[in-house]
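Examining the three-dimensional arrangement
The chain contents come next:
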Amino acid sequence: MTTETVIRIENLRFQRGDRVIFDDVTLDIPEGKITAIMGPSGTGKTTLLKLIAGQLVPDSGSVTVYDKNVHKLSRSQLYVLRSRMGMLFQSGALLTDLNVFENVAFPIREHTDLPEDLIELIVKLKLQAVGLRGALELMPSELSGGMSRRVALARAIALDPDMVFYDEPFVGQDPITMGILVSLIKKLNQSLKLTSVVVSHDVKEVLSIADFACVISEGRIVAQGTPEELLASDSEYVKQFLRGLPDGPVPFHYPATDYIEDLSC
Amino acid sequence: MLNYFHSLLFTMGKVTLGVASSVGRGALFVASLVPALPYAFTRIDLLVKQVYFSGVLSLPIILTAGLFVGMVLSLQGYNVLVDYNSEEAVGTMTALSLLRELGPVVTALLFAGRAGSALTAEIGLMRSTEQTSALEMMAVDPLKFIFVPRLVGAIIALPMLSMMFIGMGIFGGYLVAVGWLGVDDGAFWSQMHAHVDWKDDVVNGMIKSVAFAVLVSIIALFQGQDAIPTSEGVSRATTRTVVHASLGVLGLDFVLTALMFN
Ligand SMILES: Nc1ncnc2c1ncn2[C@@H]1O[C@H](COP(=O)(O)OP(=O)(O)OP(=O)(O)O)[C@@H](O)[C@H]1O
Ligand SMILES: [Mg+2]
C-alpha cells in the first residue's frame, strides 16, 4: 500500500491482573482509511482503543501515533494529540448534567473561541448528520441507548478530528439507522480524509466499508488484510468468526475450568 | 486455634496494607491536585456553579440547624447561669460557643453529610459511566474541570455557611433568652459585644472552617475518585466520605483548638 501508517502498534503486551489481554500484538493502521477491528466479546477491542489513546499503559511494547510514542508523552502533549482524536465510547459516555445540544457543543466550547451562532450551526449540522437535530433539548437520561450513541458520535466529530475511533457504533441501532451510520462513517472518511478505526461485531456492515480489517482473539491478531482477503481466507478461525458459527476454534467462553468437572463437584 | 490465630494475623496484615495503600493513593491524589489549584480561577463559571451547588443548596439545612443549636445553647446556658445570677452572660456564652466551636464544627459535619456525600457520588458515577474518560479523550483535564472547581468551591462556601450558621444561632439564642426567658435585651448584646474578641474568636473560628473545608472536600473527592466504579462501590464510597470526614473534622478540631486557645 502507498498510504502512510498513522498508528503503529508494536509488540504490545497488556495484562489485567493475571489475565493477559494482549500478547505481542503488532498492527499498522493506515492514514485516511477505515480499519475494522473485530473479535469475540471480551477479547480486548475496547482495551486496544484505550491503549492507543493513552488511557491505559501497556506492560511492554509501544503505540506510535503520528510518529510519537503515546505513552512517553507528557500530559499536555498527550492532550494536544487527543485533540486530533475523536472517540465514540461504547457506552456513549455523555455528560449527564448537560443536554444533547450542550454535549455536542462541549468540545467546541472547551477548545475554541467561536461565537455562539457559529457553535449552534456546527452542533446542528452534526446532529442532523446522526438524525437527532430534533432531540436538541433532551437530557441524556431521556435518550435510548442507540440515541445516546449517536449523540456521542456527533460529539466525537464535533471538532473535525483527524482520527476517529468508533467503539461499536452500530449496537442498538435499527436497520435503517444502521445503514445511515454506515454510510456516514464512509462519507466522513472520504470527505475529511479521516483515519477511522471501527470496532464492530456487525461483520457484514463493517466489512462493506472497511479498507482494511483485522480479527483479534485471545490476545493475538489471528487475521488481517482487506475485507476481500478475509472473506476468502481459508483459516478455520476467520471462517467461523465471519460466519458466526457456534462450533470451531473461536472460543465462546471466558477462560474457565472444565465444565463437566466444575458441575460434578 | 493455630488456624484461628493464623487467619487473625492474615486479616490484620490485609487491613493494614489496605489502609497504607489507600493513604498512599490519597497522598498522590493531593499531590496531583495542588499544582492544578490556580486553574480554579481561570474558570470562574465552573467555580460559581460549585459554590452554588455546595453552598447555596446547603443553606436551608445550615440555617435550620443553626437556629436550633443556638436556641438549645441559650436554654442550657440560662439554666446554669441563672443560679449565679449572671443570666445576662448567656449571650456571651452562646456567641463564644458558636464562634469558637459549634459553628465551624457542626457546619462542617452537616456539610460532609449534605455536600461531601454528593461530591463523592457525583464523581463516582461520572467514573462508572466513563464520563471522566470521555473528558480525557476530549483533551479536557478532569483535574482542572471537575476536581479543582469543587475543592475551591467548597473552600469558599464552607466558611460562609459557617458564618451564617453562627448568625442564625445567635439569633436563636436571642429569641430564647430575651424573648422567652426574659433576659434583658441590652445586657444580652452589650455583654456579648464586650467579650467577643475579633481575632481570638471570629478569625480563629474562620480558620477552623477553612481547614475543615479542605479536609472534607479532599476526602469527598478522593473517595469519589477511588471508588470501585459500580453502584455498590459508589454507595460504599459515599458512606466512607461521611464517616471519614466527620471523624476527621472532630479530630482536627481538637488539634486546632489546642493550638489556638491554649
Ligand atoms: N476495568 C477493568 N478491570 C479489570 N478487567 C477488565 C476491565 N475492563 C475490562 N477488563 C477485562 O478486559 C477484557 C477485555 O475487555 P474489553 O472491554 O476490551 O473487551 P471488548 O473486546 O471491548 O469486548 P466487547 O466486544 O464485549 O465490548 C475483558 O475480558 C474484561 O474482563
Ligand atoms: Mg468493547
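No experiment lies behind these values; they were computed from the predicted model shown.

Some words on unusual backbone geometry
Residue and element names in this part refer to chain A. Of note in this structure, Asn11 is not a glycine but carries a positive phi near 45 degrees. Topologically, Asn11 is positioned in strand S1 (residues 5-16). Of the residues examined, Asn11 reaches a relative accessible area of 43% and is grouped as partly exposed. Unlike most non-glycine residues, Lys193 shows phi in positive territory, near 55 degrees. Structurally, the position occupied by Lys193 is in the loop between helix H6 (175-192) and strand S8 (195-199).

Examining the interface of chain B and chain A
Listed by partner, the interface residues are 16 residues for chain B and 21 residues for chain A. Of the roughly 1700 Å² buried between chain B and chain A on both sides combined, carbon and sulfur atoms contribute 56%. By the criterion of area lost to chain A, the three top residues of chain B are B:Glu130, B:Met137 and B:Met138, representing 38% of everything that side buries. Between the two partners, chain B and chain A, sit four salt bridges. A salt bridge links B:Glu130 to A:Lys50; the shortest N-O distance between them is 2.7 Å. One can count nine residue pairs in polar contact (both at pLDDT 80 or more) joining chain B with chain A. Looking at the side of chain B that touches chain A, the elements that each hand over two or more residues are helix H5 (131-137) and helix H6 (142-180) of chain B.

Some details on the coordination of the magnesium ion (ligand 2)
Each pair of donors in an ideal octahedron of six around a metal sits at 90 or 180 degrees, and each pair in an ideal tetrahedron of four sits at 109.5 degrees. A:Thr46 (OG1) and A:Gln90 (OE1) make up the full set of protein donors to the magnesium ion (ligand 2), lying at 1.9 to 2.3 Å. Of this pair, A:Thr46 sits in helix H1 (residues 45-52) while A:Gln90 sits in the loop between strand S6 (85-88) and helix H3 (100-111), placing them 44 residues apart in sequence.

Examining the pattern of salt bridges
A full pass over the atoms with the stated rule returns 21 salt bridges over all chains. Across the pair B:Arg43 and A:Glu110 runs a salt bridge, and its minimum N-O distance is 3.0 Å. Of the two residues, B:Arg43 sits in the loop between helix H1 (2-33) and helix H2 (44-55) while A:Glu110 sits in helix H3, which places them in two different chains. Owing to a relative accessible area of 25%, B:Arg43 belongs among the partly exposed residues under this scheme.

Quick notes on the packing of H1(B) against H6(B)
Residues and elements named next belong to chain B. At their nearest, the axes of H1 and H6 sit 11 Å apart, and the two run at 95 degrees to each other. Classified by the angle their axes make, H1 and H6 are roughly perpendicular. From H1, Phe29, Ser32 and Leu33 reach across to H6, where they touch Leu143, Phe147, Val148 and Leu151. Residue composition of the contact of H1 with H6, grouped by class: six nonpolar, one polar and no charged.

What to know about the confidence of the model for chain B
Residues at a pLDDT of 70 or more form 100% of chain B, whose mean pLDDT is 91. Taken together, the chains of this predicted complex give a pTM of 0.85 and an interface ipTM of 0.85.

Some points on the nonpolar core
Residues and elements named next belong to chain A. Within the largest apolar cluster, 62 residues are counted, with the highest numbers of intra-cluster contacts made by Ile7, Ile9, Phe22, Ile52, Val65 and Phe165. In contact with Ile52, other than residues within four places in its own chain, are Ile7, Ile9, Ile29, Val63, Val65, Val70, Met85 and Phe165. The next biggest cluster of nonpolar side chains, apart from the first, holds 48 residues, and it includes Ala135, Leu136, Ala158 and Val215.

Comments concerning the packing of aromatic side chains
One pair of aromatic rings is described through two measures. These are the centre distance and the angle between the planes. Counted by the stated rule, this structure contains seven aromatic pairs over all chains. When the centroid spacing of 5.7 Å and the interplanar angle of 50 degrees are considered together, the rings of B:Phe29 and B:Phe222 count as tilted. Pair noted here: B:Phe29 is in helix H1 and B:Phe222 is in helix H8 (residues 198-226), with a separation of 193 residues, a long-range link. Neither residue differs from the other here; B:Phe29 and B:Phe222 are each classed as buried. Through a chain of ring-to-ring contacts, three or more aromatic side chains come together here, namely B:Phe29, B:Phe147 and B:Phe222. The aromatic ring of A:Tyr66 is capped on one face by A:Arg84, whose charged end is 3.9 Å from the ring centroid. Above the plane of the ring of B:Tyr39 lies B:Lys144, whose end atom (NZ or CZ) is 4.0 Å from the centre.

Here is what the cut-offs are and how they apply
Residues numbered from 1 in each chain as written. Chains lettered and ligands numbered in written order. Predicted model: local features only at pLDDT ≥ 70, side-chain atom pairs only at ≥ 80, totals over all residues. Heavy atoms only, no water. Helix = DSSP H or I, 4+ residues; strand = E, 2+ residues; numbered from the N terminus. Buried < 20%, exposed > 50% of the residue type's maximum accessible area, 1.4 Å probe, protein only. Contact = heavy atoms within 4.5 Å. Buried area = accessible area lost by both parts, 1.4 Å probe. Salt bridge = Lys/Arg side-chain N within 4 Å of Asp/Glu carboxyl O. Polar contact = N/O pair within 3.5 Å; in protein donor to acceptor, adjacent residues only side chain to side chain. Donors = N, O, S within 2.8 Å, 3.2 Å for Na, K, Ca; no water. Axes fitted to C-alpha atoms, helices over the stretch in contact; angles between N-to-C directions. Parallel < 35°, antiparallel > 145°, perpendicular 65-115°, else oblique. Nonpolar A, V, L, I, M, F, W, Y, C, P; charged D, E, K, R; others polar. pLDDT = per-residue confidence, 0-100. Core = buried A, V, L, I, M, F, W, Y, C linked by side-chain atoms within 4.5 Å. Phe/Tyr/Trp six-rings, centres within 6.5 Å; stacked < 30°, edge-to-face > 60°. Lys NZ or Arg CZ within 6 Å of the ring centre and 35° of its normal.

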